[in-house]
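Examination of the molecular architecture
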Amino acid sequence: MSSLIAWILRAIPFGTIIMYGALGEIVTEKSGNLNLGVPGIMYLGGFAGFASAYYYENLAQNPNSVVCVILALVCTLIASALGGLIYAFLTITLRANQNVTGLALTTFGMGVANFFGVFILDGASYTAAPLANKAFSAKIPVLSKMGVVGQVVFGYGFLVYAAVILAIVLHWFFTRTRTGLNLRAVGENPATADAAGISVTKYKYIATCAGAAICGVGGLYYVLDYNQGIWATTGQIEALGWLALALVIFTTWKPLNAIWGAYLFGILYWLYQFLPSLLGVSVPSYMTDLIQMLPYVVTIVVLVAVSLRKKKENQPPAHLGLAYFREER
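Figured I'd write up the structure that's included with this text. Going along each chain's sequence as written, the residues are numbered from 1 onward. Per-residue local features of the predicted model are confined to residues with pLDDT of at least 70, and side-chain atom pairs are confined, for both listing and counting, to 80 or more; whole-chain, interface and lining totals are unaffected and use all residues. Side-chain numbers here rest on the full set of heavy atoms in the structure, without hydrogens or water.

1. What about the environment of Ala 196?
Cut-off, in case you're wondering: Comment: elements are numbered from the N terminus, with helices defined as DSSP H or I runs of at least four residues and strands as E runs of at least two.
Within the secondary structure layout, Ala 196 lies in the loop between helix H9 (190–195) and helix H10 (200–226). Along the sequence, Ala 196 and Asn 182 sit 14 residues apart, while their C-alpha atoms lie 9.8 Å from each other.

2. Let's talk about the side chain of Lys 204
Put simply, the test is: Any pair of N or O atoms that falls within 3.5 Å is considered a polar contact. Within protein, one atom must be able to donate a hydrogen and the other to accept it, and sequence-neighbouring residues count only if both atoms are side-chain atoms. It only takes one pair of heavy atoms within 4.5 Å for two residues to be counted as in contact.
Mapped onto the elements of the fold, Lys 204 is located in helix H10. Of the polar contacts made by the side chain of Lys 204, one reaches the backbone oxygen of Ser 31; its length is 2.8 Å. For Lys 204, the residues in contact, after removing those within four places along its chain, are Ser 31, Gly 32, Asn 33, Ile 92, Val 186 and Tyr 324.

3. Here we look at the packing of aromatic side chains
Stated precisely, the cut-off is as follows: Stacked, tilted and edge-to-face are the three classes assigned to paired rings of Phe, Tyr and Trp, where Trp is represented by its six-membered ring and a pair needs centres within 6.5 Å; plane angles under 30 degrees give stacked, over 60 edge-to-face, the rest tilted. By the criterion adopted, a ring carries a charge over it if an Arg CZ or a Lys NZ lies within 6 Å of its centre and within 35 degrees of its normal.
Applying the stated rule across the entire model yields 17 aromatic pairs. Among the aromatic residues, those joined into a ring-pair cluster are Tyr 43, Phe 47, Phe 50, Tyr 54, Tyr 55 and Trp 231. The side chain of Arg 10 reaches across the aromatic face of Trp 270, ending 4.6 Å from its centre. Between the NZ or CZ atom of Lys 30 and the centre of the ring of Phe 174, over which it lies, the distance is 5.5 Å.

4. Notes on the nonpolar core
Quick note on the threshold: We define the nonpolar core as a collection of buried residues of types Ala, Val, Leu, Ile, Met, Phe, Trp, Tyr and Cys that are connected through side-chain atoms lying within 4.5 Å of one another. Relative accessibility decides the category of a residue: with a 1.4 Å probe and only protein chains considered, values under 20% of the type maximum give buried, values over 50% give exposed, and everything between is partly exposed.
Counting 86 residues, the largest nonpolar core has Ile 18, Phe 50, Phe 136, Leu 224 and Trp 231 as its most contacted members. Setting aside its immediate chain neighbours within four residues, Leu 224 contacts Gly 49, Phe 50, Ala 53, Ala 72, Ala 129, Ala 132, Asn 133, Phe 136 and Gly 229.

5. Quick word on unusual backbone geometry
Positive phi, close to 60 degrees, is recorded for Arg 95, a residue that is not glycine. Note that Arg 95 resides in the loop between helix H3 (65–93) and helix H4 (98–121). In this structure, Thr 252 is a non-glycine residue whose phi angle is positive, near 50 degrees. By secondary structure assignment, the location of Thr 252 is in the loop between helix H11 (236–250) and helix H12 (255–269).

6. Let's talk about H11
Heads up, the condition is: By definition here, a helix of n residues has an expected span of 1.5 Å times n minus one.
Given a rise of 1.5 Å per residue, 15 residues ought to cover 21 Å, and the 21 Å separating the end C-alpha atoms of H11 matches this to within 8%. Those residues of H11 that sit buried are Ile 237, Leu 240, Gly 241, Leu 243, Ala 244, Leu 245, Ala 246, Leu 247, Val 248 and Phe 250. Thr 252 lies just past H11 and shows a positive phi near 50 degrees.

7. A few points about a nonpolar patch on the surface
Test applied: Exposure above 30% relative accessible area and the absence of a salt bridge qualify a residue for a patch, where like charges join within 9 Å and nonpolar side chains (Val, Leu, Ile, Met, Phe, Trp, Tyr) within 5 Å. Per-residue accessibility takes into account occlusion by the displayed protein chains alone, with areas from the Shrake-Rupley method and a 1.4 Å probe. When a carboxyl oxygen of Asp or Glu lies within 4 Å of a side-chain nitrogen of Lys or Arg, that pair is called a salt bridge.
A contiguous nonpolar surface patch, about 680 Å² in accessible area, is contributed by Tyr 55, Leu 59, Phe 115, Phe 116, Val 118 and Phe 119. Residue assignment for the nonpolar patch shows that the elements contributing at least two residues are helix H2 (38–59) and H4. The element that contributes the greatest number of residues to the nonpolar patch is H4, accounting for four residues. Positionally, Phe 119 belongs in helix H4.

8. Quick notes on helix H1 (residues 2–30)
For H1, with 29 residues, the first-to-last C-alpha span of 41 Å sits near the 42 Å given by 1.5 Å per residue. Summarising burial for H1: 22 of the 29 residues are buried, a large majority. Gly 32 occupies a position one or two residues after H1 and carries a positive phi of about 100 degrees.

9. Some details on the environment of Ile 206
Mapped onto the elements of the fold, Ile 206 is located in helix H10. Taking C-alpha positions, Ile 206 is 18 Å from Ala 96, a pair spaced 110 residues apart along the chain.

10. Side note on the environment of Thr 208
Mapped onto the elements of the fold, Thr 208 is located in helix H10. Along the sequence, Thr 208 and Thr 175 sit 33 residues apart, while their C-alpha atoms lie 19 Å from each other. Each residue touching Thr 208, except ones within four places of it in the same chain, is listed here: Thr 28, Ser 31, Asn 33, Gly 84, Tyr 87, Ala 88 and Ile 92.

11. Here we look at the packing of helix H8 (residues 178–188) against H10
Inclusion rule: Here an axis means a line fitted to C-alpha atoms, over the contact stretch when the element is a helix, while the angle between two N-to-C directions is reported on a 0 to 180 degree scale. What sets the label is the angle itself: under 35 degrees gives roughly parallel, over 145 gives roughly antiparallel, 65 to 115 gives roughly perpendicular, and the rest give oblique.
Where H8 contacts H10, the axes come no closer than 10 Å and their chain directions differ by 105 degrees. As judged from the angle between their axes, H8 and H10 are roughly perpendicular. In contact with Thr 179, Asn 182, Leu 183 and Val 186 of H8, H10 contributes Val 200, Tyr 203, Lys 204 and Ala 207.

Here it is in structure tokens:
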């Protein structure tokens, strides 16, 4: 029982990281933009949030945890949105290839974060922001102590619950609001949307920048909560960014599916660590990497199944990854 609880407590925070990345990319892809720069944007957002919290803790005489949280969130949103703005300018205004631009943005985001991270590390292998970690990982005071249920349901930082709320809000936005329906129209058929008086360029820019900002929060959560407020140039955020992109396909571009899909990915990813204690069997070391591939294998299976069934509601936006030329309308 204790192993099962520990497995869940590890899987939910892990799933939260990639849920933010997937939700942000869903917003972007609903506009027809395929941003493969999610890993770099998460890296950039995570570093911006950590750096702001780190310098605030070390420079302020009496640092306040609330100010620390607000400052980290604002800096993360700004930095990651700027990453999305770079992508938007290159692919929407200059009509650059979206795949190449996204991959370049991943390298750019990692490079910028690691470059400025050198000044914070100052020769050390890692550094930490303990006050920010304490604030972001703080559990719900009373409910988290109500036995096993309290530990499993309420034993997480506030960004875990914010991710679930965000998924529900995005579902409502895409299905119940005029702006959300317009955004979906832009991703499905920008020429028709343009003819109907919808500003395709404006919707694409806003969706891309907003989606990037959401992705950046995933990087922030990884550094200041999941990784205990420690910054180290390990490249783990990049790996989680690619997993978030896989989750977008797994959820068939539906925000609500990202909730259970992200937690399922977390459970499958950490299966290798808890399988021996749960089943009483030993797992050879060479099987570890194979077991960690399960989320990607499941994504491929879902992609094949969706492609074969060809149900319209499970397909990506029809104009995904394609530049829009108004002159060709």
